[in-house]
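Coordinate inspection notes
Chain by chain, the residues:
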Amino acid sequence: MTDFPAATQRARVRVPLRFDDGYSVDAELVTFHGLTDGQEHVAVVLGEPAPGALPLVRLHSECLTGDVFGSARCDCGPQLREAVERIAERGGVLLYLRQEGRGIGLYNKLDAYALQDQGLDTYEANAALGLPEDGRDYTAAAQMLAALGITELDLLSNNPDKAEQLRGLGVTVRDRVPTGVFSTAHNVRYLRAKVLHTQHTLPLAELTELNAG
């Protein structure tokens, strides 16, 4: 286990969430003091786990283009929408982490998009800019979970690195639950790169067929 300073809850506020497809749910948003990276991460508490059941948790990295503007170049917006409903049904928490572009920031992410338009994949584009393929560190996420009293969970994610980092930080991840596959003509190369570079649990054969088509 990696030691890290404790964070504390700063405030909790109830917020009714409404989505364009008509889905709605009430959530409780939690802010924190003492996060190691100094970012304004937010925990979105949804539903209530059944007695004896583990909470379902997702670490969702902020994506302005996908979450807010509905960009079809990634699957972030649909993943966020899916996660809110699945967590609300079971009970758990969505950690909304301010880690735009896998930690490289918005401007750098858009620069990487320009390189992708020239033929590089999402990871190659980051490397061409002298940036890490994935610069995310989940210490703040582990702090948030500890402040919420969550030490054991099921993780809603296709990304094995998230589970591995949390386990290394002392969080018990019982199971990694895959998200849906949200492919479009614009993001299939991006999804294939996730499988090939970082072993995301996505159907490579299906994505290969889409890419060929």
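Residues numbered from 1 in each chain as written. Predicted model: local features only at pLDDT ≥ 70, side-chain atom pairs only at ≥ 80, totals over all residues. Heavy atoms only, no water.

1. Looking at the nonpolar core
Taken as a class, soluble globular proteins show a tendency for nonpolar side chains to be buried jointly. Counting 27 residues, the largest nonpolar core has Phe32, Ala43, Leu59, Leu95, Leu145 and Leu153 as its most contacted members. Of all the secondary structure elements, the ones that give two or more residues to this core are β2 (24-33), β3 (42-46), β4 (56-61), β5 (92-97), α6 (139-147), β6 (152-156) and α7 (160-168). Counting residues per element, this core draws most heavily on α6, which supplies 6 residues. Each residue touching Ala43, except ones within four places of it in the same chain, is listed here: Glu28, Leu29, Val30, Phe32, Val93, Leu94, Leu95, Met144 and Leu148. Residues Leu17, Leu56, Leu94 and Val177 belong to the second largest nonpolar core, which totals 16 residues. (Core = buried A, V, L, I, M, F, W, Y, C linked by side-chain atoms within 4.5 Å. Buried < 20%, exposed > 50% of the residue type's maximum accessible area, 1.4 Å probe, protein only. Helix = DSSP H or I, 4+ residues; strand = E, 2+ residues; numbered from the N terminus. Contact = heavy atoms within 4.5 Å.)

2. Here we look at the pattern of salt bridges
Scanning the model with the defined rule gives 10 salt bridges in all. In this structure, Asp21 engages Arg81 in a salt bridge whose closest nitrogen and oxygen atoms are separated by 2.8 Å. One end of the pair, Asp21, is in the loop between β1 (8-18) and β2; the other, Arg81, is in helix α2 (residues 76-90), with 60 residues separating them in the sequence. A residue is classified by how much of its surface remains accessible, and Arg81, at 17% relative accessible area, is buried. Linking Arg73 and Asp117 is a salt bridge whose minimum nitrogen-to-oxygen distance equals 3.2 Å. Within this pair, whereas Arg73 is found in the loop between α1 (64-68) and α2, its partner Asp117 is found in the loop between α4 (106-116) and α5 (122-128), the two being separated by 44 residues in sequence. (Salt bridge = Lys/Arg side-chain N within 4 Å of Asp/Glu carboxyl O.)

3. Regarding the environment of Gly34
Secondary-structure assignment places Gly34 in the loop between β2 and β3. Here Gly34 falls in the partly exposed class, since its relative accessible area comes to 49%. Separated by 26 residues in the primary sequence, Gly34 and Thr8 have C-alpha atoms spaced 6.6 Å apart. In contact with Gly34, other than residues within four places in its own chain, are Ala6, Ala7 and Gln143.

4. Digging into the side chain of Gln99
The topology assignment puts Gln99 in the loop between β5 and α3 (100-103). Of note is the side chain of Gln99, whose polar atom sits 3.2 Å from the backbone oxygen of Asp137. Once residues lying within four places of it in the same chain are set aside, the contact partners of Gln99 are His41, Ser61, Glu62, Arg136, Asp137 and Tyr138. (Polar contact = N/O pair within 3.5 Å; in protein donor to acceptor, adjacent residues only side chain to side chain.)

5. Quick notes on the sheet that holds β2
Taken together, 7 strands build an open sheet; the order of strands is β1-β2-β3-β5-β4-β6-β7 and the sheet is mixed. In this open sheet, the two strands that pair with only one neighbour each are β1 and β7 (172-177). Strand-to-strand, the axes of this sheet are offset by a mean angle of 30°, without reference to chain direction. Of the pairings in the sheet, the one linking β3 to β5 comprises 5 bridges and is antiparallel in character. Paired with Ala43 across the strands is Leu95, a residue of β5. Strands in contact with α6 are β1, β2, β3, β4, β5 and β6; relative to β5, the strand with the most contacts, it is inclined by about 145°. Relative to β7, α7 is tilted by about 170°, and along the sheet it contacts β4, β6 and β7. (Pairing = 2+ DSSP bridges. Axes fitted to C-alpha atoms, helices over the stretch in contact; angles between N-to-C directions.)

6. A few points about α7
Taken together, the buried positions of α7 are occupied by Pro160, Lys162, Ala163, Gln165 and Leu166. Positive phi shows up at Gly170, right after α7, with a value of about 95°.

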